[in-house]
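One letter stands for each residue in the lines below.
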Amino acid sequence: MKKEEYIKMYQLENQHFWFLGKRFFTDAVLFSCKRNIQKILDVGSGTGGMTKFLLRYGKVTGIEKSKTARQLAKKRGVILIQGNAQNLPFKSGSFDLVTLFDVLYHRDIKDEKKVLSEARRVLKDKGYLLITDSALEFLRGPHDEATFGARRYTLNQMSKLVKGCGYKILKSSYVYFTLFPLISIKRLLTDRIRKNRGSDVERVNPAINSLLIFILRLEAFFLKFVSFPVGSSVLVLAQKDEER
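What you see is a predicted model; the values in this text were computed from it and never measured.

1. Details of the side chain of Lys240
Structurally, Lys240 is set in strand 7 (residues 233-240). One buried charged residue, Lys240, remains without a salt bridge, the closest side chain of opposite sign being Asp125 at 4.2 Å. In terms of polar contacts, Lys240 uses its side chain to reach the backbone carbonyl oxygen of Arg120, at 3.3 Å. Among the polar contacts listed, one links the side chain of Lys240 to the backbone oxygen of Leu123, at a separation of 2.8 Å.

Pasting the structure below:
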């Protein structure tokens, strides 16, 4: 990710609707397994917003490759370990939950299966894996270029990838379903007309931002009970398959 994108993330992560939506979705899917979680590994922590958020579930260790991101996270009071998702510096069976928030799509990830296998290795028996990532190739645009996105997934592709690496799926869904029409219009029309070269992470009118936050809260509530058929991101909650 470009340095300026990390700076925007750091500045907006606690107020921007997109980042808050990810927190709502995380709460929605982890509520049923919260009692089984004590130790958490957040892989690819960025500027530490989600790492800090996860403290409500237990003790969190964050790992991040980017020096810029680690420095910004430190300003937030989050100390991150330098490391690589494809070679985790932890003993096997160390964590109850591993999170991969928008990690697998990144161009630095040369082997997605290696990342998922490493996550499985450091998980305890019956440990959980939570993934969010970019969805649907037709939404590719300037946002992906700015964030160094190499790939986008269908929900079926992500689910098959996770299952193939020794997990059983507990919950899978597209997310940002309620905002999907707006996101599609922006990516397919507005960005091309304006020739936008940055990411979608930018300041939003406070009233609009508040409205979008409310909409995403509602979506997260229904996510507890249903899976959505389309969205700009995929979400998968899985559990280490002890038979593999």
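2. Topic: the environment of Val78
Within the fold, Val78 resides in the loop between helix 4 (67-75) and strand 3 (81-82). Exposure remark for Val78: the relative accessible area of 10% places this residue in the buried category. Val78 has contacts with Gly48, Thr51, Lys52 and Ala73, leaving out every residue within four places of it along the chain.

3. So, the pattern of salt bridges
This model, assessed by the stated rule, comprises 10 salt bridges. One salt bridge in this structure joins Glu118 and Arg121, with 2.8 Å as the shortest N-O distance. On the criterion of helical spacing, the pair formed by Glu118 and Arg121 is a turn pair, its members being three residues apart in helix 5 (residues 112-122). The exposure class of Glu118 is buried, given its relative accessible area of 6%. Glu137 is the partner of Arg140 in a salt bridge, and the nearest nitrogen-oxygen pair spans 2.9 Å.

4. A word on the sheet that holds strand 3
What holds strands together in a sheet is hydrogen bonding between their backbones, with the strands either parallel or antiparallel. Strand order in the open sheet made by the seven strands is 3-2-1-4-5-7-6, with mixed pairing throughout. The sheet is open, and its two borders are formed by strand 3 and strand 6 (167-175), each paired with just one other strand. Strand direction decides the pairing type here: strand 2 (residues 59-64) and strand 3, joined by two bridges, are parallel. Each residue of the ladder has a partner; that of Glu64, found in strand 3, is Gln82.

5. Re the nonpolar core
Leu41, Val98, Leu116, Leu129, Met158, Val162 and Tyr167 are the most contacted members of the largest nonpolar core, which has 43 residues in total. Ignoring any residue separated from it by four or fewer positions in sequence, one finds Leu41 in contact with Thr61, Ile63, Leu88, Phe90, Phe95, Leu97, Val98, Thr99 and Val122.

6. Remarks on the pairing of strand 5 (residues 123-134)
Moving residue by residue along a regular strand, the side chains alternate between the two faces of the sheet. Counted residue by residue, strand 5 has nine buried out of 12 residues, so it is predominantly covered. By the bridge criterion, six bridges tie strand 4 (residues 95-101) to strand 5 in an arrangement that is parallel. Residue Thr99 lies in a different strand from strand 5, and its bridge partner there is Leu130. Remark: the strand 4/helix 5/strand 5 crossover connection has right-handed handedness. Both strand 5 and strand 7 contribute to a ladder of seven bridges, which runs antiparallel. Residue pairing for strand 7: Ser134 is matched across the bridge by Ser233.

7. As for helix 2 (residues 17-30)
Given a rise of 1.5 Å per residue, 14 residues ought to cover 20 Å, and the 20 Å separating the end C-alpha atoms of helix 2 matches this to within 8%. The buried count for helix 2 comes to 12 of 14 residues, which makes it a mostly enclosed element. Buried residues of helix 2: Phe17, Phe19, Leu20, Gly21, Lys22, Arg23, Phe24, Phe25, Thr26, Ala28, Val29 and Leu30, and no others.

How each quantity is defined
Residue numbers here run from 1 along each chain, matching the order of that chain's written sequence. Given that the model is predicted, a residue must reach a pLDDT of at least 70 before its local features are reported, and side-chain atom pairs must reach 80 or more before they are shown or counted; all residues, however, enter totals for whole chains, interfaces and linings. Note that the side-chain values use all heavy atoms of the structure and ignore hydrogens as well as water. Secondary structure elements are defined from DSSP: runs of H or I of at least 4 residues count as helices, runs of E of at least 2 residues count as strands, and each element is numbered from the N terminus. For the exposure calls, accessible area comes from a 1.4 Å probe over protein chains only, and a residue counts as buried if that area is under 20% of its type's maximum, exposed if over 50%, partly exposed in between. Only four residue types enter the tally: Lys and Arg on the positive side, Asp and Glu on the negative side, with His and both chain ends excluded. Each salt bridge in this description consists of a side-chain nitrogen of Lys or Arg and a carboxyl oxygen of Asp or Glu lying within 4 Å of one another. Any pair of N or O atoms that falls within 3.5 Å is considered a polar contact. Within protein, one atom must be able to donate a hydrogen and the other to accept it, and sequence-neighbouring residues count only if both atoms are side-chain atoms. Any two residues whose heavy atoms approach within 4.5 Å are treated as being in contact. By the convention used here, strands pair only if DSSP detects at least 2 bridges between them. Residues belong to a common nonpolar core when they are buried Ala, Val, Leu, Ile, Met, Phe, Trp, Tyr or Cys residues joined through side-chain atoms within 4.5 Å. By convention a crossover is right-handed if, when the strands point away from the viewer, the path from the first strand over the helix to the second runs clockwise. Helix span, expected: 1.5 Å multiplied by one less than the number of residues in the helix.

By themselves these figures say nothing about function.
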